Amino acid sequence: MKQNVIALVFGGRSSEHSVALSSASTIHAALMALGHRVHCVGIDREGNWRYQGEPCQFPGAVDRSAPLISIRPGHPSLSYTTQGSDTVEIGIDLLFPALHGRWGEDGTIQGLAAMCGLPCVGSGVLGSAMSMDKDVTKRMVQSFGVVVGPWVAMSSMRPWEELVECLGSSTLFVKPATSGSSIGVSRVSNALEYAEAFAIAVRQDTKVLVEAEICGREIECGVLEGEEGLMASVVGEILKKKGHAYYDYQAKYDSNSGTDLRVPSLLPPDIVARIQASSVQVFRCLDLKGYARVDFFLTEDGEIILNEVNSLPGFTSASMYPKMFECSGYPPAKLVGALVEYALSSASKDRFITYPVDAVSQEM
């Protein structure tokens, strides 16, 4: 594989800052193993981009004393000023965002990369923005025939009794529309819990979703895009232990939570095939690129119901996406290498797109 100069961007302003650091550590190790030059760019919790150098080992945190990075539209490079007031400019072949949540997974950094002419791993602006917003995701995939559970999106509280009647369930989930890692998510079964949950969720986002609880197994599937098309991974299952009513933040990232990840799942082949097909369908529906993880519920009667979509799935030690693809023949270095190759090849093709001059301009 050709050595490329890659800017690995990690951290970020969102509530998933620490999760992003864990993902970046795995990605950094894979990029180094592949022989790329990796410039680390840490975004601190205030949103400042800071140059972390080219470390052989991932730094583990954002050094807030490091120099600030500048980036200019139309220039595929990063620059910073040294203590001696010299300006250093670094040409970049590819931007690899190891970010989760807002200002990283929602199309914002993807738009910045596009304006600067920087190829970027993963989906573009449209796909990232649609899949980040759980309400928009449900609306889009439902229009393509994908089954979703009952939900309501709102910016202000509606009466508890009204929601129970509307959603047909007395147990509901309250969550921010654009948060990940189950941050700000609550399971509620009465009006008091609902009021408290709404207050928590609205601190993360002005739009809040309320969903009916779906009783079913939690199933996940990864999608990887290459020159040959889309590949669905083996299917994985989340096995929750007692004490966790749902797959919350602690269950995801606390090694002592007792949650097991079964990869591959023990589902019948016909169910696996349906989940893989649905994952690819959702990927296409949301105009996703490169990679994504698609999460479902599987009910006792075999119905497959979309839960949510992650356009920048985690690469932590507890993340399902790399586990499912490792079981599919793509260990971390090979998986990250495939993402890099596809992002660069897609960008190369985009450079040759030309637009005809309109008739008015021709006459002038």
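Reading the values: rules and limits
- Residues numbered from 1 in each chain as written.
- Predicted model: local features only at pLDDT ≥ 70, side-chain atom pairs only at ≥ 80, totals over all residues.
- Heavy atoms only, no water.
- Helix = DSSP H or I, 4+ residues; strand = E, 2+ residues; numbered from the N terminus.
- Buried < 20%, exposed > 50% of the residue type's maximum accessible area, 1.4 Å probe, protein only.
- Contact = heavy atoms within 4.5 Å.
- Areas by Shrake-Rupley, 256 points an atom, 1.4 Å probe, with all protein chains shown as cover.
- Arc of directions from axis to C-beta.
- Polar contact = N/O pair within 3.5 Å; in protein donor to acceptor, adjacent residues only side chain to side chain.
- Pairing = 2+ DSSP bridges.
- Salt bridge = Lys/Arg side-chain N within 4 Å of Asp/Glu carboxyl O.
- pLDDT = per-residue confidence, 0-100.
- Phe/Tyr/Trp six-rings, centres within 6.5 Å; stacked < 30°, edge-to-face > 60°.
- Lys NZ or Arg CZ within 6 Å of the ring centre and 35° of its normal.

**What to know about the overall build of the protein chain**
At step 1: The helix and strand inventory of the protein chain stands at eleven helices and 16 strands.
At step 2: With 364 residues in all, the protein chain has 52% of them scored as buried.
At step 3: Sequence separation of at least 24 residues holds for 63% of the intrachain contacts in the protein chain that already meet a minimum separation of 6.
At step 4: Accessible area for the protein chain stands at about 16,600 Å²; split by element, carbon and sulfur atoms hold 51% of it.

**Describing helix α4 (residues 134–143)**
In an α-helix there are 3.6 residues to a turn, and that puts residues three or four apart on one side.
At step 1: Taken together, the buried positions of α4 are Lys-134, Asp-135, Thr-137, Lys-138 and Val-141. Take α4 and look down its axis: the buried residues cluster within an arc of 160°, on one side only. Turned more than 90 degrees away from the buried face of α4, the exposed residues are Arg-139 and Ser-143.
At step 2: Those residues of α4 that are buried are in contact with α3 (125–132), β8 (151–154), β9 (172–176), β11 (208–212), α8 (269–285) and β16 (304–310).
At step 3: Sitting at the amino-terminal end of α4 is Asp-133, which places a side-chain oxygen 3.0 Å from the backbone nitrogen of Asp-135.

**What about the pairing of strand β15 (residues 291–298)?**
At step 1: For β15, the tally of buried residues reaches eight of eight residues, placing the bulk of the element in the interior.
At step 2: Alternating positions in β15 separate into two faces, Tyr-291, Arg-293, Asp-295 and Phe-297 on one and Ala-292, Val-294, Phe-296 and Leu-298 on the other, with burial throughout.
At step 3: Across eight bridges, strand β12 (residues 217–226) lies against β15 in antiparallel orientation. Residue pairing across strands places Arg-217 opposite Leu-298, the latter belonging to β15.
At step 4: Pairing of β15 with β16, which is carried by six bridges, proceeds in the antiparallel orientation. Within β16, the residue paired with Leu-298 across the bridge is Ile-304.
At step 5: Once β15 ends, the chain turns through five residues before running back antiparallel as β16, passing Gly-302 with a positive phi of about 85°.

**Let's talk about the environment of Tyr-291**
At step 1: Inspection of the secondary structure assignment puts Tyr-291 in strand β15.
At step 2: With 169 residues separating them in the primary sequence, Tyr-291 and Gly-122 have C-alpha atoms 6.0 Å apart.
At step 3: Filtering out sequence-adjacent residues up to four positions away, Tyr-291 remains in contact with Phe-96, Val-121, Gly-122, Val-223, Leu-224, Phe-283, Ser-311, Leu-312, Pro-313, Phe-315, Tyr-321 and Leu-339.

**Side note on the pattern of salt bridges**
At step 1: Enumeration according to the criterion identifies 15 salt bridges in this entry.
At step 2: Note that Asp-135 is salt-bridged to Arg-139, the shortest N-O span being 3.1 Å. Of the two residues, Asp-135 and Arg-139 are both situated in helix α4; the distance of four residues between them amounts to about one turn of the helix.
At step 3: Look at Asp-135 and you get buried, because its relative accessible area is 4%.
At step 4: Here Glu-237 makes a salt bridge to Arg-217, at a shortest N to O gap of 2.8 Å. With Glu-237 in strand β13 (residues 229–239) and Arg-217 in strand β12, this residue pair connects regions lying 20 residues apart in the sequence.
At step 5: Given the relative accessible area of 3%, Glu-237 is considered buried.

**Considering the confidence of the model for the protein chain**
Keep in mind that low pLDDT regions are not for reading the predicted coordinates in detail.
At step 1: Scored by pLDDT, the protein chain comes out at a mean of 90, with 90% of its residues at no less than 70.
At step 2: The low-confidence segment residues 352–364, where pLDDT is below 50, has one contact with residues more than four positions distant or belonging to other chains.

**Some details on the side chain of Glu-220**
At step 1: Following the sequence through the fold, Glu-220 ends up in strand β12.
At step 2: A polar side-chain atom of Glu-220 sits 3.2 Å from a polar atom in the side chain of Arg-293.

**Here we look at α3**
At step 1: By the burial criterion, the buried members of α3 are Gly-127, Ser-128, Met-130, Ser-131 and Met-132.
At step 2: Where α3 is buried, its residues meet α2 (108–116), α4, α8 and β16.

**A few points about the packing of aromatic side chains**
At step 1: In the structure shown here, the tally under the stated rule is eight aromatic pairs.
At step 2: With 5.6 Å between their ring centres and 65° between their planes, Tyr-291 and Tyr-321 make a pair best called edge-to-face. Of this pair, Tyr-291 sits in strand β15 while Tyr-321 sits in helix α9 (residues 320–326), and the two are 30 residues apart along the sequence.
At step 3: Residue Tyr-291 is classed as buried on the basis of its relative accessible area, which comes to 1%.
At step 4: A residue is classified by how much of its surface remains accessible, and Tyr-321, at 1% relative accessible area, is buried.
At step 5: Aromatic ring contacts, followed pair by pair, group Tyr-291, Phe-315, Tyr-321, Phe-325 and Tyr-330 into a single cluster.
At step 6: The ring of Trp-103 carries the charged tip of Arg-13 above its face, separated from the ring centre by 4.0 Å.
At step 7: Lys-334 extends its terminal NZ or CZ atom over the ring of Tyr-330, reaching a point 4.5 Å from the ring centre.

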